[in-house]
Amino acid sequence: MVNNGRKRGGRSGIGRRTFIGAAGAGAVATTFAGCLGEDDDDIIRIGHLGPVQMDMGAGAENSAQLAVDQVNEDGGILDQEVELISEDSLGDPGESMTATERMVEQENIDVLIGTFVSEVTQGIVDYVGEVDIPFLITGSADPITLTDTVGEDYDQFKNIFRSGPINSDLQALGMADYAEFLADEHGWTDFAHIADDAAWTVPFSENLPDELEDRGLNVVHEDRLAPGTDDFSPMLSDVSDADADAMLRFFAHNVGTGMLVNWRENEYEFGIEGIHVPGMSPEFWDDSEGACLYETTSQSGAAGAAEITEETVPFTEAYVEEYGDSRPSLPMYMGYNSYDAVFVYKNAVERAGTADYQADIDTIVDELLETDHTGATGEIEFYGPDSEYPHDVMETEVDGTISNFPVTQWQEDGEFECVFPRDFASADHLAPDWM
C-alpha cells in the first residue's frame, strides 16, 4: 500500500543555483543546442552513470546490463534492440558532467539512469534539464535534488525522476520506525546519531532526532563526521560516555571498518545500526575479517535475503548466476534500483508509443507519472508534480511501517539476513553477544 499521509520532517530548501560548483562553474554545456546526435539505427540506448570502480557502481552496471539482456530476450523496447552505455562517474561532479555530455551528444542515449553521490547528481541536473533526456536517479537520496529543481521549475526539470531509493526525508522516518522496533526487541531507548557530513545525511540530522523523541525515545549524542575520517576512537568513546543503547550511524563516504574493529575489540555496550553503504558490499565480511558481525544497514532489495516482492529473489538469483563469481557478488542497493529503472523506463515508453524524447518528452513524462510497477525493490509509483516530493518514488507501507527500505544484518558465517520489517524478516535481529 502506498502511503501519502505520513508525518514528514520539514527542510528549508536551497535554490538550485546553489548546487555545487560543477553546475555553477560552466558545467551546463551550450554545445548541445541544435546538435544532439541523431539516432537512426533502430537501437534504444540506455545510459548508466555510476562509480563503476566501486562495488556499488559495478553492481549497478551489472544489474542494468542484466535488465537490458532480459528486455532484449523479450523483444526489446518498442520492438527495437536495447544497448547499455555505461560511464564511470568517478564520484566526481566534473567527471560526471563530462561523461553525461558524452553519452547524450556522442553516444545518443535515450535515457539516463544512475548516479550515487547526491553532489554528483546535483552537478548534472541543469544540463539534463536543458536537453530534456529522461533521467531516473537510482542511487542518490537527497530530497532537494528534486524539490529544488522539479518543484521550482517544472517545465525545465520535468524529465527528472528518482525511481529509488526513497529520499532521505523518508529514510529518516524509516529509521524512526526501526528504532521503535529495537526498543520493542531489546529495550533500547537511548540512541546516538552519527552521520557523514554530506548532503544526503542532512535530512537525518534535521529530522530524525525529533522523530525519535516524538516516539518516546531519547537522543543522547549527535555528531557529524568529515568524509575520510579514519580515527573513530573519540566518537566511540563519546557514544559510550553518553550511555547510548545503540548508535544510528549514516555512512556512505566513511568506511567504518576501523570503527567496527575498535567496537568489537573494546566490546562497547551499544549496537551499531542504521546505514553503512560500504557494509552493503557482499565482500565486506571478508574485507573486515568478520568485524561487521552484528552491524546493520538499511538497503533497497534487502540484499535478496527477503521476498520484498515476487521479483526480488528471481532477480537476485539471476544476478548471482551471471555475476556471482565477480565482485560484487550481489547487486547492492543501487543495483536493485537500476534493474528496476530499466523496466520502469521500458514500460513508460511503450505506453507512450515513443522513445523520442526530443520530440515527445511530455508524452514520456506523462507515462512515467503513470508508473505502477512491481520491481525487485517494491511497488514503484511516483509522487505527482504538485506534491511535497515531485517525481520522487513513493514510500510503501506494511502494517504502518515503511517497507521499501528494509534493514539487513551481518550474522554468523558472513550471511546477510533481513531483520526488519518483521513481515519480511528472514531472521531475528541479534544484539552483540557481549551485551
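Everything quoted here is computed from the prediction, not taken from an experiment. (Residues numbered from 1 in each chain as written. Predicted model: local features only at pLDDT ≥ 70, side-chain atom pairs only at ≥ 80, totals over all residues. Heavy atoms only, no water.)

A. Structural detail: the overall build of the chain. Tallying secondary structure elements over the chain gives 14 helices and 16 strands in all. Its C-alpha radius of gyration of 21 Å places the chain within 12% of the 22 Å reference for a compact globule of 435 residues. With respect to the principal axes defined by its C-alpha atoms, the chain has extents near 65 × 45 × 40 Å. Within the span of the chain, comprising 435 residues, buried residues form 62% of the whole. Approximately 15,400 Å² of the chain is accessible, and the part contributed by carbon and sulfur atoms is 40%. (Helix = DSSP H or I, 4+ residues; strand = E, 2+ residues; numbered from the N terminus. Rg over C-alpha atoms; globule rule 2.2 N^0.38 Å. Buried < 20%, exposed > 50% of the residue type's maximum accessible area, 1.4 Å probe, protein only. Areas by Shrake-Rupley, 256 points an atom, 1.4 Å probe, with all protein chains shown as cover.)

B. Summary view of the packing of helix H12 (residues 312–323) against helix H13 (residues 332–352). Where H12 meets H13, the closest approach of the two axes is 12 Å, and the angle between their N-to-C directions is 105°. Taken as axis vectors, H12 and H13 run roughly perpendicular relative to one another. Of H13, the residues touching H12 (which contributes Thr 312, Phe 315 and Thr 316) are Gly 335, Tyr 336 and Tyr 339. A class-by-class count of the residues in the contact of H12 with H13 yields 3 nonpolar, 3 polar and no charged. (Axes fitted to C-alpha atoms, helices over the stretch in contact; angles between N-to-C directions. Parallel < 35°, antiparallel > 145°, perpendicular 65-115°, else oblique. Contact = heavy atoms within 4.5 Å. Nonpolar A, V, L, I, M, F, W, Y, C, P; charged D, E, K, R; others polar.)

C. View of the packing of helix H3 (residues 93–105) against helix H4 (residues 118–131). Viewed as axis vectors pointing N to C, H3 and H4 meet at an angle of 30°, and their least axial separation amounts to 8 Å. Between H3 and H4, the angle falls in the class roughly parallel. Every pair of crossing elements has a handedness; the one defined by H3 and H4 is right-handed. Residues Pro 93, Ser 96, Met 97, Thr 100, Glu 101, Val 104 and Glu 105 of H3 touch H4, and the partners they reach there are Glu 119, Val 120, Gly 123, Ile 124, Tyr 127, Val 128 and Val 131. Looking at the contact of H3 with H4, its residues break down into 8 nonpolar, 3 polar and 3 charged. (Left-handed = near helix turned anticlockwise from the far one by under 90°.)

D. Geometry of unusual backbone geometry. A cis amide bond links Arg 327 with the next residue in sequence, Pro 328, at an omega value of 0°. If you trace the backbone, Pro 328 turns up in the loop between H12 and H13. Look at the link from Phe 420 to Pro 421: it is a cis peptide, with omega at 0°. Secondary-structure assignment places Pro 421 in the segment after strand S16 (415–420). Phi at Asp 79 is positive, roughly 60°, even though this residue is not glycine. Along the chain, the position of Asp 79 falls in the loop between helix H2 (55–73) and strand S2 (81–88).

E. Broad picture of the side chain of Glu 295. Examined against the element boundaries, Glu 295 turns out to sit in the loop between helix H11 (284–287) and strand S10 (296–298). Side chain to side chain, Glu 295 and His 276 meet in a polar contact 3.2 Å long. Ignoring any residue separated from it by four or fewer positions in sequence, one finds Glu 295 in contact with Arg 249, Leu 260, Ile 272, His 276, Gly 279, Phe 284, Thr 408, Gln 409 and Trp 410. (Polar contact = N/O pair within 3.5 Å; in protein donor to acceptor, adjacent residues only side chain to side chain.)

F. Geometry of the nonpolar core. If you look at the biggest cluster of nonpolar residues, it comprises 101 residues, and the most contacted ones within it are Leu 136, Ile 160, Phe 191, Leu 208, Leu 212 and Phe 250. Broken down by element, this core gets its largest block of residues, 13 residues, from H13. When residues no more than four places from it in sequence are discounted, the contact partners of Leu 212 are Ala 176, Ala 179, Phe 191, Leu 217, Val 219 and Leu 248. Among the nonpolar cores identified, the runner-up in size contains 27 residues, and Leu 236, Met 247, Tyr 268 and Tyr 294 belong to it. (Core = buried A, V, L, I, M, F, W, Y, C linked by side-chain atoms within 4.5 Å.)

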